[in-house]
Amino acid sequence: MLKTLILDFGSQYTQLIARKVRELGVYSEIVPFSASASRIKKEEPGALILSGGPQSVTARGAPLPDPNIFGLGLPVLGICYGLQLMGRMLRGRVAPSPKREYGFARLGVLDRGSLLRGVRAGSPVWMSHGDKLEEAPPGFQVTGGTENARLAVIEDRGRRFFGVQFHPEVIHTRDGMKILSNFLFRIAGLKADWSLGSFIERQVEDIRRRVGKERVVCGLSGGVDSLVTALLIHRAVGDRLTCVFVDNGLLRKDEFGRLMDRFRRKLRLKIVGVDASDRFLRALRGVASPERKRKIIGRVFIDIFEREARRLGRVRFLAQGTIYPDVIESRPVRGPSSTIKSHHNVGGLPRGLRFELVEPLRELFKDEVRSLGLRLGVDREFILQHPFPGPGLAVRTLGEVTRESLEILREADDIVLQEVRRAGLYRRLWQAFAVLLPVRSVGVMGDQRTYQRVVVVRLVRSTDGMTADWHPASPAFLARLSTRIVNEVAGVNRVVYDITTKPPGTIEWE
Ligand code: XMP
């Protein structure tokens, strides 16, 4: 299986390029733009793609790859910034454009002999660039152009170097997949031999070989990634895998029991359930700061997990549900000076324990993890569940977390989810939940004056959680929610609807 390496120059679309290449059946990985030619050679890729990037190649300090990558004999496709890099490094001419081009353009095709085979004349392409290639490097011919970018496609078929000014990876470029597929299959001669089926086979074999007769422990969070990790390992080593699922008392209504049942009975995992809600609540007593809550929950989780793992006797391996975006986002992209965002799965590794890590999903994107889960027998409803924060209801009970406030929140949250499902909204929303405020408000119920808690309903739409819009729910739907929550949840006399987008708000309240 030959892979394609994508050199990342910081484009928002880099991961999308990698996913599109995989969709075409070619395994792809993203490497920092600064990867040396010798490192790239060691990986033995079948092709290179240079991603777009936010900078100008003409600026001082612009990120440049190792020039020797052009001497490896590999086919190279430069996209946007990647094309301009080729222009600059292979002795063409790039000029800053007075006007930034952003949006649709129509592609005029001059030669369909190679990269543009099958691409229709006037096909819409998606542009997003400032600089412009003014003169192609020696050896290149121009095979496509748009009104604003005369040199939108350049090719050096001898050396197999290609560049496109637009973004073939985005859906708006109608023939984009055709261009990528021409590059991968016709030009680079790769085979479509990557699939989740082959991934499962390969991983199962690898895990078996590595784990041998030893044992593995895996912490389940209730989320998709840790469960799919466990199932994959279970397929490889069966009951030499033990899962640990900790009830931190911060899960939704009936969730712990329901999940334990699903894990045990339907998925046949060997699993230790630990009711640690008292420990968590005790540790959280008197704490109102969101960040302190998060830290405490992480620490207590590690303590408990460590204790349970010790109890299992000699276990050599720890399985974690790290996925590819976690891996990419934890490493510096823009050189050593930038801050490194570190990723901590399930609250960080138990320090005192000398585990070896098994992370079979490290290569997969989220949508691939979901498909893998389906193949491994997880039901669609579980796979498509909304994200739920690790610290759970603790960050939705504003201020101090008490047993009583958790009870109120659980009931309100349950009603929100029931109604969202009933209205057929669940799939259309990114998240739907209730938040309990630490204030009381005056109300009147029957002839009684009440002085009770306030519940916020938050329904948001989003594609990645980075930005979000509040859902414009119908007045009838909101009325039903409000009536049910006030009538059915003791201790609540007021319901408000959150109409804040992200930014400037965040999805969670804490
Ligand atoms: P915010 O509130 O930052 O949330 O807009 C973005 C997404 O991240 C989830 N979230 C968390 N997930 N631990 C998690 O595992 C956390 O501490 C945490 N805080 C927020 C949130 O639910 C949303 O999907």
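About the criteria used
- Residues numbered from 1 in each chain as written.
- Predicted model: local features only at pLDDT ≥ 70, side-chain atom pairs only at ≥ 80, totals over all residues.
- Heavy atoms only, no water.
- Domains from an automatic or database assignment.
- Helix = DSSP H or I, 4+ residues; strand = E, 2+ residues; numbered from the N terminus.
- Buried < 20%, exposed > 50% of the residue type's maximum accessible area, 1.4 Å probe, protein only.
- Polar contact = N/O pair within 3.5 Å; in protein donor to acceptor, adjacent residues only side chain to side chain.
- Contact = heavy atoms within 4.5 Å.
- Pairing = 2+ DSSP bridges.
- Axes fitted to C-alpha atoms, helices over the stretch in contact; angles between N-to-C directions.

A. Region of the structure containing the domain arrangement of the chain. When cut into domains, the chain gives domain 1 (4–187), domain 2 (196–383) and domain 3 (402–497). A C-alpha centroid distance of 48 Å is found between domain 1 and domain 3.

B. Representation of the side chain of serine 28 within the structure. Take serine 28: it is sitting in strand E2 (residues 28–32). Owing to a relative accessible area of 0%, serine 28 belongs among the buried residues under this scheme. For serine 28, the side chain forms a polar contact with the main-chain oxygen of alanine 18, separated by 2.8 Å. If we ignore the near neighbours within four places in the chain, the residues touching serine 28 are Thr4, Ile6, Ala18, Val21 and Arg22.

C. The arrangement of the pairing of strand E10 (residues 153–156) in detail. Residues Val153 and Glu155 of E10 are buried on one face, and the alternating residues Ile154 and Asp156, pointing to the opposite face, are buried as well. Judged from the 3 bridges that link them, strand E9 (residues 141–145) and E10 form a sheet pairing that is antiparallel. Its bridge partner being in E10, glutamine 141 is matched across the sheet by glutamate 155. As defined by bridge partners, E10 adjoins strand E11 (residues 161–164) across 4 bridges and the pair is classed as antiparallel. Counted as the bridge partner of aspartate 156 is phenylalanine 161 from E11. What sits between the antiparallel neighbours E10 and E11 is a turn of 4 residues, in which arginine 160 has the positive phi angle 60°.

D. Representation of the sheet that holds strand E15 (residues 317–319) in the model. If you trace the 5 strands from one edge of the open sheet to the other, you get E14-E13-E12-E15-E16, paired in parallel fashion. Looking along the sheet, the strands with just one partner apiece sit at the ends: strand E14 (271–275) and strand E16 (356–358). Sheet twist, expressed as the mean angle between neighbouring strand axes with direction ignored, is 25°. Summarising the sheet, strand E12 (residues 216–220) and strand E13 (residues 241–247) pair through 5 bridges and their orientation is parallel. Residue pairing across strands places cysteine 218 opposite cysteine 243, the latter belonging to E13.

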